[in-house]
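# Summary of the model geometry
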Amino acid sequence: MAATAEAPGDPVIRIDGLNKWFDDFQVLKDIALTVNLGERVVVCGPSGSGKSTLIRCINRLEGFQKGAIEVDGKTLTGDLRNVAAVRREVGMVFQQFNLFPHMTVLRNLTLGPMRARGLSRKVAEERARHYLERVRIPEQADKFPGQLSGGQQQRVAIARSLCMEPRIMLFDEPTSALDPEMIAEVLDTMVELAEDGMTMIVVTHEMGFARKVADTVVFMDQGEIVEAQPPEAFFAAPKSDRTRQFLQRILSY
Amino acid sequence: MARLRTLCVLAAAAILLAGCSGANWGWYVISPETEAGRRNLLFLLGGLKGTIALSLISFAIAVVLGFLIALPALYGNRPLRAVNRLYVEPFRAAPALVLILWVYYGLPVVLGIRLEAFAAGVVALALSESAFLAEIFRAGIQSVGRGQDEAADAIGLTFADKMWFVILPQAIRRILPPLGNQFVYMLKMSALVSVIGMEDLVRRANELVTSEYRPLEVYTFLLLEYLVLILFVSAGVRWLERKMRSDERQSR
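Numbering of residues starts from 1 in each chain and follows the order in which that chain's sequence is written. Each chain gets a letter, beginning with A, and each ligand a number, beginning with 1, in the order they are written. Per-residue local features are limited, in this predicted model, to residues with pLDDT of at least 70; the limit for side-chain atom pairs, both in listing and counting, is 80 or more; totals at the level of whole chains, interfaces and linings are taken over all residues. Note that water and hydrogens are dropped before the side-chain values are worked out from all heavy atoms of the structure.

## Quick look at the overall build of chain B
Convention followed: Here a strand is any run of E in DSSP of at least two residues, a helix any run of H or I of at least four, and the numbering for each starts at the N terminus. Relative accessibility under 20% of the residue-type maximum defines a buried residue, over 50% an exposed one, and the middle range a partly exposed one, all with a 1.4 Å probe and only protein chains included. Residue contacts follow a heavy-atom distance rule, with two residues in contact if any of their heavy atoms lie within 4.5 Å. The method behind every accessible area is Shrake-Rupley, applied with a 1.4 Å probe, and residues are considered shielded solely by the protein chains displayed.
The helix and strand tally for chain B stands at 10 helices and zero strands. Overall, chain B shows an N-to-C arrangement of helices and strands of α-α-α-α-α-α-α-α-α-α. Burial analysis of chain B (252 residues in total) assigns 45% to the buried set. Relative to all contacts within chain B whose residues are 6 or more apart in sequence, the contacts with residues 24 or more apart total 75%. Element-wise, carbon and sulfur atoms account for 67% of the exposed surface of chain B, whose accessible area totals about 13,300 Å².

## Focus: the overall build of chain A
Let me state the cut-off plainly: Two things to know: the radius of gyration comes from C-alpha atoms, and the globule rule equals 2.2 Å times the number of residues to the power 0.38.
Looking only at helices and strands, one finds nine helices and 10 strands in chain A. Its C-alpha atoms give chain A a radius of gyration of 18 Å, within 12% of the compact-globule value 18 Å for 253 residues. Buried positions account for 57% of the 253 residues belonging to chain A. Taking contacts inside chain A between residues at least 6 apart in sequence as the whole, the part at least 24 apart equals 65%.

## Describing the pattern of salt bridges
Residues and elements named next belong to chain B. Using the following cut-off: In what follows, salt bridge is the name for a side-chain nitrogen of Lys or Arg lying within 4 Å of a carboxyl oxygen of Asp or Glu.
Counting across every chain of the model gives 30 salt bridges over all chains. Taking the shortest distance from any N to any O, the salt bridge between R85 and E89 comes out at 2.6 Å. Of this pair, R85 and E89 both sit in helix 4 (residues 78-93), separated by four residues, roughly a single helical turn. Accessibility expressed as a relative area gives 28% for R85, which makes it partly exposed. Through salt bridges with shared partners, a single network forms among R85, E89, R92, E135 and R138.

## Here we look at the packing of helix 4 of chain B against helix 6 (residues 117-144) of chain B
Residue and element names in this part refer to chain B. To keep things clear, this is the line we draw: Here the axes come from fitting lines to C-alpha atoms, over the contacting stretch only for helices, and the angles between their N-to-C directions go from 0 to 180 degrees. Angles below 35 degrees are treated as roughly parallel, those above 145 as roughly antiparallel, those between 65 and 115 as roughly perpendicular, and all remaining angles as oblique. In this scheme, a crossing is called left-handed if the near helix is turned counterclockwise away from the far one by less than a right angle; it is called right-handed if the turn is clockwise. All residues other than Ala, Val, Leu, Ile, Met, Phe, Trp, Tyr, Cys, Pro, Asp, Glu, Lys and Arg, Gly among them, are scored as polar; the first ten of these are nonpolar and the last four charged.
It is at 8 Å that the axes of helix 4 and helix 6 come closest, and there the two elements cross at 125 degrees. Overall, the two elements helix 4 and helix 6 adopt an arrangement that is oblique. In this structure, the crossing between helix 4 and helix 6 has a hand that is left-handed. Across from R85, Y87, V88, F91 and R92 in helix 4, the residues of helix 6 making contact are L127, S128, S130, A131, F132, A134, E135 and R138. Per-class residue counts for the contact of helix 4 with helix 6 are seven nonpolar, two polar and four charged.

## Regarding the nonpolar core
Basically, it comes down to this: What is meant by a nonpolar core is a set of buried Ala, Val, Leu, Ile, Met, Phe, Trp, Tyr and Cys residues, joined one to another through side-chain atoms within 4.5 Å.
Grouped together as the largest cluster of nonpolar side chains are 97 residues, with contacts concentrated most on I13, I15, L18, I69 and I201 of chain A together with V166 of chain B. In terms of residue count, helix 8 (residues 159-189) of chain B provides more of this core than any other element does, 13 residues in total. Ignoring any residue separated from it by four or fewer positions in sequence, one finds V166 of chain B in contact with F100, H102, M103 and L111 of chain A together with Q148, A152, L157 and D161 of chain B. In terms of nonpolar packing, the next biggest core, distinct from the first, is built from 46 residues, F97, L99, L132 and L187 of chain A among them.

## A short note on the layout of surface pockets
Let me state the cut-off plainly: Any residue with an atom within 4 Å of a point lines the site, the site being either a cavity, points on a 1 Å grid over the protein atoms alone where a 1.4 Å probe fits but cannot get out, or a pocket, an open set with protein on both sides within 12 Å along at least 5 of 7 lines. Grid points are joined across faces, edges and corners, and a volume is the space filled by probe spheres set on the points.
Quantified by volume, the largest pocket comes out at close to 600 Å³. Lining the largest pocket are 20 residues, with L80 and R87 of chain A together with Y75, D153 and K162 of chain B sitting closest to its centre. In terms of residue class, the lining of the largest pocket is built from nine nonpolar, three polar and eight charged.

## A look at the confidence of the model for chain A
As a reminder of what qualifies: Across the chain, each position has a pLDDT score giving the predictor's confidence in that residue, from 0 to 100.
Mean pLDDT over chain A stands at 92; residues scoring 70 or higher make up 98%. Within chain A, strand 5 (residues 74-76) of chain A has the poorest average pLDDT of any element, 85, and strand 8 (residues 199-203) of chain A the best, 97.

## Side note on the packing of aromatic side chains
Going by this rule: Between the rings of Phe, Tyr and Trp (Trp by its six-membered ring), a pair exists once the centres lie within 6.5 Å; its type follows the angle of the planes, with under 30 degrees stacked, over 60 edge-to-face, and the other angles tilted. Over a ring means this: the NZ of a Lys or the CZ of an Arg is within 6 Å of the ring centre and within 35 degrees of the ring normal.
Applying the stated criterion to the full structure yields seven aromatic pairs over all chains. Ring centres of F234 of chain A and F235 of chain A lie 5.2 Å apart, and the angle between their planes is 90 degrees; on these two criteria the pair is classed as edge-to-face. Taken individually, F234 of chain A and F235 of chain A each receive the classification buried, so the pair is uniform in this respect. Ring geometry for F59 of chain B against F183 of chain B: centres 4.9 Å apart, planes inclined by 70 degrees, an arrangement best described as edge-to-face. Taken as a pair, F59 of chain B in helix 3 (residues 47-75) and F183 of chain B in helix 8 lie far apart in primary sequence, 124 residues in all. Across the pair, exposure class does not vary: F59 of chain B and F183 of chain B are buried alike. Cation over ring: R160 of chain A sits above F100 of chain A, and NZ or CZ is 4.5 Å from the ring centre.

## A word on the side chain of Q182 of chain B
Take Q182 of chain B: it is sitting in helix 8. Not counting chain neighbours up to four residues away, the residues in contact with Q182 of chain B comprise F59, E129, F132, L133 and I136 of chain B.

## A look at the sheet that holds strand 9 (residues 216-221) of chain A
Residue and element names in this part refer to chain A. We apply this condition: Being paired, for any two strands, means DSSP has found at least two bridges between them.
Spatially, 6-7-8-3-9-10 is the arrangement adopted by the six strands of the open sheet, whose pairing is mixed. Edge positions in the sheet fall to strand 6 (90-93) and strand 10 (224-229), since each has one partner strand and no second. The mean angle between the axes of side-by-side strands here comes to 15 degrees, regardless of whether they run parallel or antiparallel. Helix-sheet contacts for helix 5 (residues 150-162) involve strand 6 and strand 7 (168-172), and the interaxial angle to strand 6 is about 170 degrees.

## Remarks on the pairing of strand 3 (residues 40-44) of chain A
Residue and element names in this part refer to chain A. Most of strand 3 sits inside the fold, with four of its five residues counted as buried. Two elements, strand 3 and strand 8, share four bridges in a ladder whose sense is parallel. Note that in strand 8 the partner of V43 across the bridge is V203. Where strand 3 meets strand 9, four bridges bridge the pair, whose relative direction is parallel. Looking across to strand 9, one finds that C44 is bridged to F219.

## A word on the interface of chain A and chain B
So the rule is basically this: Summed over both partners, the accessible surface that disappears when two parts come together, traced with a 1.4 Å probe, is what is meant by buried area.
On the chain B side, the residues contacting the 23 residues of chain A number 19 residues. Taken together, both faces of the contact between chain A and chain B bury some 1,900 Å²; the carbon and sulfur share is 61%. On the chain A side of the interface with chain B, the three residues burying the most area are F100, H102 and R115 of chain A, jointly 27% of the side's total. Joining chain A to chain B, the criterion identifies two salt bridges. Note that D161 of chain B is salt-bridged to R115 of chain A, the shortest N-O span being 3.1 Å.

Printed below as a string of structure tokens:
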């Protein structure tokens, strides 16, 4: 078992020989990927390429049949060992926000820290207000999720993850369910997070975001990582024809 | 007070019926104006305790059992899901009356456990009801959606915490109407326990009929007793629904 990552640049996620099948259909084929502490990785690719499945494997929302994922020194294999330990280090933001609709924003944010981290209500609420401040909606603490706009809900969801003080944040198409005018506010929040040095893996089609913050852009197609490059090279000189075709299609408008 | 109005209409209809049918009514058996009538009336009402206790206890046990039985169907692997089916199908298929008789007369033979009528009734009704409630819980929890499960998992909640704080509060809101329905159904099913001698409303009525020979009045009164009980239950369920709806409205 490897040591935990300490300094920026140390590997914090190591994925090796990852294979996953849904019945007979292979969704992930021999995935190998290393993410260093503080690195921002954007994963893109056509729908059905396995990119969401890949990041869902990292905090074990999906199981897998072959290979290993090591997160901050803890190894996930096919079984359920280390799942709790890994989830403590990894925050996740979903396409559909998945806020708890029957709780206030504040309660959404304090539930995890109080129950899973054992914080007192007072400390958990202080922390919650701190992160609400950070996503710029401190005044919404006592509202219910249904009373907020989509962009605000997604920012609450980001704050909810941050309240667990994870070392790594996963974003699963965080802006895909939003109206266009709300996408920017969520991306701004994510850019700030990136600037603060958070390790992030972001599945998104927002190529502007990729250009701006990514250290590495990963292109997936049909369950494989086709290429992984820094954004300048990725957009200017993609190595693979498949990448080129994909970029042409999504950047044509 | 629409409920009270309904009750008045029904009571009036019953009395009207008494006048028109030409039957020879003898309400004196339970008339509160005579000593004997009062005694009979109190005797009949004395069955309320048994009926209410039996229904509440059985239902409470059935709710817990039903929830636990629903879990393997939702989160279990193939063998665990099979356990759920093996429980639900037979108990849902067994007529409650047969189950009551079997627990009372069969259990002592098979397992050497001899239960009193009340306990046997609780066991039989809870088993029978839990199978139905398991299906209701399954549907209710399913309707909450995977996203809530995943969000709770992602912030590191244990399974128990996820159920208690995230899934159940949302599921219960949705299944409250069918739960209320099942409770009403169960309250009526509890009448069957009179066959093994439990002192419930029906048993008391039967006993009084045997001694007074006024089945028409006694059974009419019995019907009204159930009607009142069930109107109370519906009012309670509606109150809960309203309360939750207003919470909901606040959260939309």
